Amino acid sequence: MYETRLWLSKRGRIRFVSHLDMFRLMTRAVRRAHIPLWYTEGFNPHPYISFLLALSLGVEGEREPIDIRIVDDAYPMEQVASALNAALPEGLRVEAATVPEMKPAAITWGEYTVTYDKAELSAADLTRALESGALETEKSGKSGGRKVMKKVGVSEHIRSWSLEETPETLILRVVLPAGSVLNLNPQQLTDAVNAYLGTAAAPVRAVRERLLNADGKEFR
Amino acid sequence: MDKRIEKLLPTVQKPARYTGGELNQVMKDKNAVDIRYAFCFPDSYEIGMSHLGIKILYAIANERPDTWCERVFAPWPDMEEKMREQNIPLYALESGDPIRDFDFIGFTLQYELCYTNVLNMLDLAGLPVRAADRKGLAPIVMGGGPCACNPEPIAEFFDLFSLGEGEEVNSEIMDLYAVHKKRGSTKEAFLRDAAGIPGVYVPSLYDISYHEDGTVEAITPKDGAPATVTKRIVRDLDKVYYPKTFVVPFIDVVHDRVTHEIFRGCIRGCRFCQACFLNRPIREKSPEVINEQCKGLIEQTGYDEISLCSLSSSDYTKIEELLNLLLDWTPGEQVNVALPSLRVDNFSDELLQKLKSVRRSGLTFAPEAGTQRMRDVINKNVTEEEMLETANIAFAGGYSAVKLYFMLGLPTETDEDVEGIGLLAKKVVDTYYQNPDKPKGRGVNVGVSASSFVPKPFTPFQWEPQATPEELKHKQQHLKETLPSRKINVSFHDIKTSFLEGVFARGDRRLCAVIEEAWKRGCKFDSWGEFYRFDTWMEVFSDLGLDPAFYANRRREYGEVLPWDHLNYGIPKKYLIRESEKAKRAETTDNCHNKCAGCGANKLNGGHCDV
């Protein structure tokens, strides 16, 4: 038995398939691909497939890590990718299968490309918001067992950002917290920007390009 | 996909309902086909994608090189609101193209409370809801499914209905359409010809006249339409086309598995059951064919469960043979086999052992009525002893939860019959505690689900009055008050919902105006409690001067012309009257395996019936 880390891209309309539904989808894909996957033992055996980090609904991904275990040592790792790609629906592709180098807990940052329509948000306004240091958003949390909305600071958690313009769009490259400790997604960032500016911009497109560890090195 | 749709998807619930792109969906070049077919299910994606019929008919239509068939579901109200705001017309999932430009818009009609959704979908597509206001040849709006057996309450919205099984007739309709399209025909010319295809009902070719008391006086065909339209059946289930693959949804739908129909029809003849009388004669599929097709579907879809479906699965004569074939390979592939719709009187120990080797879920029985007299009236031929014996087998086999299905408001039902439900459930509880082999250290959980009986066309009870909402309320109350044990949990169906279902089930064409007006006043998704607006419906009936009780709660005479008398589902009225009379005397009719009762449905299949 060996463990392998798949790097999945998720592009196009399939970005609207939720994290929970992705698990079921992958389960069926490995079955169709006849990959000798390790099944959990117990009353209801299910294949061991671990998505290391959820991707928000509507966000595309370029390199999303998934760990799986292969029971047959003779089954080549390269074949995992090719067999799966023949079984996956349009928009999903295993870009590579590698030997895991880092522990899942090492994931700390996510690098995103977020595209806005200039008609909805100007470069000057977005720059002003990002430089303000005062961005915050609301997250649902619990207080004394009750569900409440909690204010969460955004500005202090942005590791880095840069802005590029095309004739019609703004392209924001931004590194946001990702992982088990703190998560911020492009929608929350956009909400915070909108709250600060009093705008109602919605990203045209948001892509998670890759994940980084605490030192800002690419997660492998 | 329309950019505007992409932009609004992040703002609605479960956006994957609206994207298409699922595994095994059929994509074609729209410029290379002659016929665009929108297969519509007038309910949510989750309900529609669970339906086997759509999978079969979708696959058959797409086998035709000249046709591209796509799926359409009713957008959930949050999505609908946004689509209307931005003038996005209803589109088909595969291509994203607006369906108003398609050649066919086909609706499957599974239950009466979906009618307003049909209108809403036509309107959302940008089409007039009334057939008479849609002037061109295309789109032809057609309907099929169980509710097509009395389509009169929606007759004015449709161009044609296909009665019975659609596997063959749909293609015949498309062939004829292709000829007319080339010819540049009018819709009227096409419909006149279509009425000549067996199984096709064109409502605009029939004039309905009424007596002063509101009952139907006559149904008069015109322009050469046949006086009676007979439903279609397929003769041989082994030879009829079955999909080689299913579209696999992204999101969790109600029935998300490989489904396989093992036979059609039902040998039991329970007098309340429309499905039994609509689907005769009995035709079985052979175990070898089912097994091979299941293997192929598991391979194509990656599903880990097969559900064998039929109206009464343990009546399939080769059930053990089939389970042996399936259980030979399914455990090794981590595939479960589920067998719903089992009878309580022929549920054997061996069958239970086989089922135990697959995944165990709860056990469900449908005694339908609480006393033997009542069960004899409805011809549910099971005795209390048989039921308790089966419960014992199940308890010894490790089950500790049982769900019992009953109906309230059956013809001739008394308070004593209602009390009988509680007493029967109590006996199941007692049986559990007296069973020495029951699961250790666990209490029993008996659930009683009591729905309201709705008389349906083409059953022996089609002349019976439905119990009024007040009567049903009393019966529910009485059942609750006389429950003899705390181990029994009762749940009821909503009475107001059953009432409207009863009105439409046996309604006539005058109800079209009611449905249109209710839809205009905002009624839709009527089968969903959160959207059902009973008061609005009652206001509409009152404003249009029609009495819903006339349809739901009135006893019909055998001699009355019924709104569906020009449609033939293979069982003559004579037979239904005979059964109705036997019901009044609480006499039973044996099941078809024991003795043919001569229902006449075998004539549809050249005199053949698989019993």
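Residues numbered from 1 in each chain as written. Chains lettered and ligands numbered in written order. Predicted model: local features only at pLDDT ≥ 70, side-chain atom pairs only at ≥ 80, totals over all residues. Heavy atoms only, no water.

A. How the structure looks around the packing of aromatic side chains. By the definition in use, this model includes 27 aromatic pairs over all chains. Ring centres of Trp38(A) and Tyr48(A) lie 5.9 Å apart, and the angle between their planes is 65°; on these two criteria the pair is classed as edge-to-face. One end of the pair, Trp38(A), is in the loop between helix 1 (19–32) and strand 2 (49–51); the other, Tyr48(A), is in the loop between helix 1 and strand 2, and 10 residues separate them in sequence. Overall, the relative accessible area of 23% leaves Tyr48(A) in the partly exposed class. Geometrically, the ring pair formed by Tyr532(B) and Phe534(B) is tilted, given 6.2 Å between the ring centres and 55° between the ring planes. Given a relative accessible area of 16%, Phe534(B) falls into the buried group. (Phe/Tyr/Trp six-rings, centres within 6.5 Å; stacked < 30°, edge-to-face > 60°. Helix = DSSP H or I, 4+ residues; strand = E, 2+ residues; numbered from the N terminus. Buried < 20%, exposed > 50% of the residue type's maximum accessible area, 1.4 Å probe, protein only.)

B. Molecular detail of helix 18 (residues 534–543) of chain B. All names here are of chain B. Listed in full, the buried residues belonging to helix 18 are Phe534, Thr536, Trp537, Val540 and Phe541. Buried positions in helix 18, seen along its axis, are confined to an arc of 165° and lie on one side of it. Set apart from the buried face of helix 18 by more than 90 degrees, the exposed residues are Asp535, Ser542 and Asp543. Looking at the buried side of helix 18, the elements it contacts are helix 5 (115–124), helix 16 (495–505), helix 17 (511–520) and helix 19 (548–552). Just beyond helix 18, the residue with positive phi is Gly545, at close to 70°. (Arc of directions from axis to C-beta. Contact = heavy atoms within 4.5 Å.)

C. Layout of the domain arrangement of chain A. Residue and element names in this part refer to chain A. With domains assigned, chain A is organised as domain 1 (2–100) and domain 2 (108–213). The distance between the C-alpha centroids of domain 1 and domain 2 comes to 28 Å. Of the residues lining the interface, 12 residues belong to domain 1; the matching set on domain 2 comes to 12 residues. Of the roughly 920 Å² buried at the junction of domain 1 and domain 2 (both faces included), carbon and sulfur atoms supply 52%. For the pair domain 1 and domain 2, the number of links is two salt bridges. Arg208 is paired through a salt bridge with Glu64; the nearest N and O atoms lie 2.7 Å apart. Grouping the amino acids of the side of domain 1 that touches domain 2 by side-chain chemistry returns five nonpolar, three polar and four charged. (Domains from an automatic or database assignment. Buried area = accessible area lost by both parts, 1.4 Å probe. Salt bridge = Lys/Arg side-chain N within 4 Å of Asp/Glu carboxyl O. Nonpolar A, V, L, I, M, F, W, Y, C, P; charged D, E, K, R; others polar.)

D. Geometry of the domain arrangement of chain B. Residues and elements named next belong to chain B. The domain architecture assigned to chain B consists of domain 1 (3–230) and domain 2 (257–360 + 569–611). Computed over C-alpha atoms, the centres of domain 1 and domain 2 are 29 Å apart. Counting from both sides, the interface comprises 12 residues of domain 1 and, opposite them, 11 residues of domain 2. Note on domain 1 versus domain 2: buried area summed over both sides is about 930 Å², and carbon and sulfur give 49% of it. Summed over the three residues of domain 1 that lose the most area to domain 2, namely Leu52, Cys149 and Glu165, the buried surface amounts to 48% of that side. Joining domain 1 to domain 2, the criterion identifies three salt bridges. Notably, a salt bridge pairs Glu165 with Arg283, separated by 2.8 Å at the nearest N-O pair. The tally of links from domain 1 across to domain 2 stands at five residue pairs in polar contact (both at pLDDT 80 or more). Per-class residue counts for the side of domain 1 that touches domain 2 are seven nonpolar, three polar and two charged. (Polar contact = N/O pair within 3.5 Å; in protein donor to acceptor, adjacent residues only side chain to side chain.)

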